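Commentary on secondary and tertiary structure
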Amino acid sequence: MQNLDWNDIQYCLAVVREGSVTAAARALDVNHTTVSRRITALEKQLNVRLFDRSTAGWLITPVGEQVLKSAEAIADEVNTIQRQVLADSQELSGTLKVTAVDLTIQRVLQPALKAFCEKYPDITIELISSEDPFNLSVHEADIAFRVTNDPPPNVLGKKIADFAYGIYGTRELAESLSKGDRSVGAIMWLSDQRRPLPQWKEKGFPDLPVRYRVNSLNVTHDLVRHGHGIAQLPTGLGEMDPLLRRIPCEHVDEPMGFWVLSHIDLRTTARIRIFRDFMLEAIEPRIPALEGRVSAHELEENIDAYGEYVLK
């Protein structure tokens, strides 16, 4: 038996669905003769009779019912594929809401955002800088990048890295500390004044004066890189900044998981899936720095591999 022509099968399906050859021809926008000829050709190829013709109309035969039952299942699968392709093409446009803390947007996502927008120009990205636990189930955001060891339920999550922490200062302050200078200032979180001193300060540098208390990681980083003092920073930030040096300390905070999250119901939405995969691929070279396994000195020596991410 030669390969069947799917179009011939569709003519048979149209007769069954529409109730007559004339109605099928109208639905397919062809003439009555074409429908009859194509079905007759299929019956000849299969060597079976699919319809009994009479003056009352065409009645499907028992064998025709079996053949067209399978054909219906195939047609449903074809329609599903067509819907998925159409949905994907439509979903590569529109708005995508992405939330993360400001420094994640600036230092982790930003290097790849321009390339993504150039590749998918019909997608508009809303960048929501916030530490609030946005409710993904009501679409306050489509994708969330969060530092947490306890992701919320009902989300599709992928752990990107273990966000490590270190104590950082400028080269000059690091050298001063190593020579015993205890006038170097410490920069701490504003909330730290309502609880015991953080371990890095209490156990690592108990004799350093507290110069600043701030409530912004961005401000903390800026103060450190301008020589105002030392502070605990994510290694993904400290190791990527050639102006900073990590200062030895055994009492930094435990690593936190760095996750990309989206609601499970949106896992097949094309623009969300494509953005997530695009950003994961872009972030991958930075994982050693995010996890504190690569030093700023090593980054400088491997400028070709990491240069696009190094702060200027």
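1. Considerations on the sheet that holds strand β12 (residues 256-263)
- The strand order across the open sheet built from five strands is β4-β3-β5-β12-β6, with neighbouring strands paired in mixed fashion. Edge positions in the sheet fall to β4 (123-129) and β6 (155-163), since each of these pairs with one other strand and no more. Taken pair by pair, the neighbouring strands of this sheet meet at an average axis angle of 20°, ignoring direction.
- Two strands pair when backbone bridges link them, and strand β5 (residues 143-147) and β12 are joined in this way by four bridges, in the antiparallel orientation. Residue pairing across strands places Arg146 opposite Trp259, the latter belonging to β12.
- Against the sheet, helix α10 (residues 270-283) touches β3 (94-100), β4, β5, β6 and β12, its axis set at about 35° to β5.

2. As for the nonpolar core
- Leu109, Phe116, Phe145, Ile160, Phe275 and Met279 are the most contacted members of the largest nonpolar core, which has 29 residues in total.
- At eight residues, the largest contribution of residues to this core is made by α10.
- The residues contacting Phe116, other than those within four sequence positions of it, are Ile123, Ile125, Ile274, Phe275 and Phe278.
- Counting residues in hydrophobic clusters, the runner-up holds 19 residues, among them Cys12, Val15, Ile39 and Phe51.

3. Remarks on the pattern of salt bridges
- Considering all chains together, one arrives at nine salt bridges under this definition.
- Glu43 is the partner of Arg53 in a salt bridge, and the nearest nitrogen-oxygen pair spans 2.8 Å. Here Glu43 lies in helix α3 (residues 32-46) and Arg53 lies in strand β1 (residues 51-54), a separation of 10 residues in the sequence.
- We note a salt bridge from Asp207 to Arg182, for which the minimum N-O separation is 3.0 Å. Of this pair, Asp207 sits in the loop between α7 (199-204) and β9 (210-214) while Arg182 is found in the loop between α6 (171-178) and β8 (186-189), placing the two residues 25 residues apart along the sequence.
- By relative accessible area, Arg182 is classed as partly exposed at 32%.

4. Quick notes on the confidence of the model for the protein
- Averaged over the protein, the pLDDT score is 82; the fraction of residues at 70 or greater is 82%.
- Across the protein, the element-wise mean pLDDT spans from 46 in helix α13 (residues 303-306) up to 95 in strand β7 (residues 165-170).
- Low confidence marks residues 303-312, where pLDDT is under 50. Its contacts with residues over four positions away, or in another chain, come to 20 contacts.

5. Comments concerning the environment of Val35
- On the secondary structure map, Val35 appears in helix α3.
- Val35 gets classed as buried once you look at its relative accessible area, which sits at 0%.
- In this structure, the C-alpha to C-alpha distance between Val35 and Gln10, residues 25 residues apart in sequence, is 9.7 Å.
- Excluding residues that lie within four positions of it along the chain, Val35 makes contacts with Tyr11, Val15, Val21, Ala25 and Val30.

6. Some words on unusual backbone geometry
- A positive phi angle, near 60°, is found at Asp29, a position not held by glycine.
- Positionally, Asp29 belongs in the loop between α2 (21-28) and α3.
- Residue Asp29 is classed as exposed on the basis of its relative accessible area of 70%.
- Even without glycine at this site, Asn47 takes up a positive phi of about 60°.
- Relative to the elements of secondary structure, Asn47 occurs in the loop between α3 and β1.
- Taking relative accessible area as the criterion, Asn47 reaches 69% and is therefore assigned exposed.

Reading guide: rules and limits
Residues numbered from 1 in each chain as written. Predicted model: local features only at pLDDT ≥ 70, side-chain atom pairs only at ≥ 80, totals over all residues. Heavy atoms only, no water. Pairing = 2+ DSSP bridges. Helix = DSSP H or I, 4+ residues; strand = E, 2+ residues; numbered from the N terminus. Axes fitted to C-alpha atoms, helices over the stretch in contact; angles between N-to-C directions. Contact = heavy atoms within 4.5 Å. Core = buried A, V, L, I, M, F, W, Y, C linked by side-chain atoms within 4.5 Å. Buried < 20%, exposed > 50% of the residue type's maximum accessible area, 1.4 Å probe, protein only. Salt bridge = Lys/Arg side-chain N within 4 Å of Asp/Glu carboxyl O. pLDDT = per-residue confidence, 0-100.

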